[in-house]
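Here are the chains, one letter per residue:
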Amino acid sequence: MNLETFINAVFQGSDLQTINELVKEKNENPSSKFSKVMLTTLDKTVNKDLDRNAFDRVSMILQCIQQFCKHNFQESATLIEQGLVSKMGLWFERATEFLNTAELESDHSLMVLVEHFYDTSVALCNYKEGIQQLLDSFILRLGFLATHKKRAHHLRVEALKTLNSIMSLVPWEKRCRFCSSEELYSLTEDLAKAIAQAGDYEIQVGISEALCRMVKKKDRNVLVHKWFDDKAMVEAFKEINVKEFETDCRKFLNDLNKGLGDKRSVYTFPCIAAFADLDELKKPADSNLEKFWIDFNIGSQSITFLIDNSAGSLWDTVTLAKDEVNVYSLKEVEDQKVLIFNLKNSQRIHSNLVTKVKILFEPQFDIEGVLFMVFGDRNMRPSLACSTETSLPMLV
């Protein structure tokens, strides 16, 4: 079954389960080659659908390409050789331009389409030529979206995850291009500049990871002097060891954000304990992680923190976004500041659905002022509203 037949089946109303079965069937003529006419037709179809904002249809085409790449290796490789990635880069650029329009910047189908571009680029990484072409063009577009402050937070985070997934598959000898190519080098500079203004710790981590993946340590130690003006930040970034990335990056970003003073957009406090409903949450089990850090993100209007995952080796992230909080309160009890969030809808933390999160802090930390910057007072219980003129000393 070739890609053209596959896509036609989708548009004729076949459900995804049926489509997946069809694409797995062995081709009657597995040695057949795609013609450039097929790619041209596909290009015209996608652009026509973009012209009329038919984002759902383009998403379906991308899903077809994803499934086809998984099960039709020979024909997918031919399609890539004929320029699929280049075409997809242009489609992606057109799709993201719609995000500049007020009436479409929050359009759900457009958001979903952008995420399908991410997934498709990862699917193309199954092919050596696909990785090469992604490195030639698509990486730059992902980096641009990731550093764009006006883009939706989740799109920026996923752009960075996709970029890092691609870079993890690029051979080290290919990464020297980030020093020799003017465009790729400019991307590293743009990413480095975006760290301080990211407004979200998760984005800061994603950018830091991207810089470490794009450039070998030997070259990073040279370029870092151009990325950061502050000598302390230069040395802190040099100390990031890829094998201890999470903990070393935490030290680097804590120092970077602290050094920004009042210009910072991420505030971080160590907590005494945290609870989801009645269950205590544990900080990640890492001997190099000395404290249980809570990040207050002004840009993304959220609070995030990492917790241990007893069921696996990866850490879990808890995110409390402004739009997901029904009401919150802050009070001082027995020399502790107690911050409580009641959620609009239950959230899964570990294997449990919870509606309340409680975090305890030492009393010297000025949680009130930062809370106001992140959430405002719309969801704060009136009797506990905090002053907006509070100073912010001793923050990490």
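In this report, we go over the structure that sits alongside the text. (Residues numbered from 1 in each chain as written. Predicted model: local features only at pLDDT ≥ 70, side-chain atom pairs only at ≥ 80, totals over all residues. Heavy atoms only, no water.)

Bringing the overall build of the protein chain into the picture now. Across its full length, the protein chain carries 16 helices and nine strands. For the protein chain, with 396 residues in total, the buried portion stands at 51%. Pairs at least 24 residues apart make up 65% of the contacts formed inside the protein chain by residues separated by at least 6 positions. (Helix = DSSP H or I, 4+ residues; strand = E, 2+ residues; numbered from the N terminus. Buried < 20%, exposed > 50% of the residue type's maximum accessible area, 1.4 Å probe, protein only. Contact = heavy atoms within 4.5 Å.)

This part covers the layout of surface pockets. By volume, the largest pocket amounts to about 810 Å³. Forming the walls of the largest pocket are 31 residues, and the residues nearest its centre are Val205, Glu246, Leu306, Trp315 and Thr317. With six residues, helix α12 (residues 201-214) is the single largest residue contributor to the lining of the largest pocket. For the lining of the largest pocket, the class distribution of residues is 13 nonpolar, seven polar and eleven charged. (1 Å grid on protein atoms, 1.4 Å probe; cavity = no way out; pocket = protein on both sides within 12 Å on 5 of 7 lines; lining within 4 Å. Points joined across faces, edges and corners; volume = space filled by probe spheres on them. Nonpolar A, V, L, I, M, F, W, Y, C, P; charged D, E, K, R; others polar.)

Now for the nonpolar core. Of all hydrophobic cores here, the largest spans 79 residues; its most connected members are Phe228 and Phe252. Contacts of Phe252, omitting those with residues within four sequence positions, involve Ile195, Ser208, Phe228, Met233, Ala236, Phe237 and Ile240. Within the second largest apolar cluster, 31 residues are counted, among which are Ala276, Val318, Ile349 and Val357. (Core = buried A, V, L, I, M, F, W, Y, C linked by side-chain atoms within 4.5 Å.)

A separate point is the pairing of strand β1 (residues 266-271). The buried fraction of β1 is high, at six of six residues. Every second residue of β1 is oriented toward a common face, with Val266, Thr268 and Pro270 on one face and Tyr267, Phe269 and Cys271 on the other, all of them buried. Relative to strand β4 (residues 292-297), β1 is paired through six bridges, and the arrangement is antiparallel. Paired with Thr268 across the bridge in β4 is Asp295. (Pairing = 2+ DSSP bridges.)

Turning our eyes to something else, we now look at the environment of Asp230. With respect to the helices and strands, the residue Asp230 is situated in the loop between α13 (217-227) and α14 (231-238). Measuring from C-alpha to C-alpha, the distance between Asp230 and Gly259 comes to 9.2 Å, with 29 residues separating the pair along the chain. A polar atom in the side chain of Asp230 sits 2.8 Å from the backbone nitrogen of Ala232. (Polar contact = N/O pair within 3.5 Å; in protein donor to acceptor, adjacent residues only side chain to side chain.)

Counted by the stated rule, this structure contains twelve salt bridges. A salt bridge links Asp43 to Lys87; the shortest N-O distance between them is 3.4 Å. Taken together, the residues span a long stretch of sequence, with Asp43 in helix α3 (residues 36-51) and Lys87 in helix α6 (residues 84-97) at a distance of 44 residues. Assessed through its relative accessible area of 15%, Asp43 is described here as buried. Residue Lys87 is classed as partly exposed on the basis of its relative accessible area, which comes to 26%. Of the charged contacts in the structure, one is a salt bridge between Glu235 and Lys238, with a shortest N-O distance of 3.7 Å. In this pair, Glu235 and Lys238 both sit in helix α14, three residues apart, roughly one turn of the helix. (Salt bridge = Lys/Arg side-chain N within 4 Å of Asp/Glu carboxyl O.)

Our next topic: the packing of helix α8 (residues 128-146) against helix α11 (residues 182-197). It is the contact of α8 with α11, at a shortest axis distance of 10 Å, that shows an interaxial angle of 20 degrees. Taken together, the axes of α8 and α11 lie roughly parallel to each other. Between α8 and α11 lies a crossing whose hand is left-handed. Here Leu135, Ile139, Leu140 and Gly143 of α8 come into contact with α11, specifically with Glu183, Leu184, Leu187 and Leu191. For the contact of α8 with α11, a count of residues per class yields six nonpolar, one polar and one charged. (Axes fitted to C-alpha atoms, helices over the stretch in contact; angles between N-to-C directions. Parallel < 35°, antiparallel > 145°, perpendicular 65-115°, else oblique. Left-handed = near helix turned anticlockwise from the far one by under 90°.)

A few words now on the packing of α11 against α13. At a minimum axis distance of 10 Å, the contact between α11 and α13 shows a crossing angle of 60 degrees. By the criterion of interaxial angle, the relationship of α11 to α13 is oblique. Crossing angle aside, the handedness with which α11 passes α13 is right-handed. Contacts between α11 and α13 involve Tyr185, Thr188, Glu189 and Ala192 on the former and, on the latter, Leu223, Lys226 and Trp227.

This next bit is on the packing of aromatic side chains. Tallied over the full model, the rule gives 16 aromatic pairs. Relative to Phe252, the ring of Phe237 lies with its centre 5.2 Å away and its plane at 75 degrees, an arrangement referred to as edge-to-face. Separated by 15 residues along the polypeptide, Phe237 in helix α14 and Phe252 in helix α15 (residues 245-259) bring together distant segments of the chain. Classification of Phe252 by relative accessible area gives buried; the value is 1%. Arranged with centres 5.2 Å apart and planes meeting at 85 degrees, the rings of Phe269 and Phe296 form a pair that is edge-to-face. Of this pair, Phe269 sits in strand β1 while Phe296 is found in strand β4, placing the two residues 27 residues apart along the sequence. (Phe/Tyr/Trp six-rings, centres within 6.5 Å; stacked < 30°, edge-to-face > 60°.)

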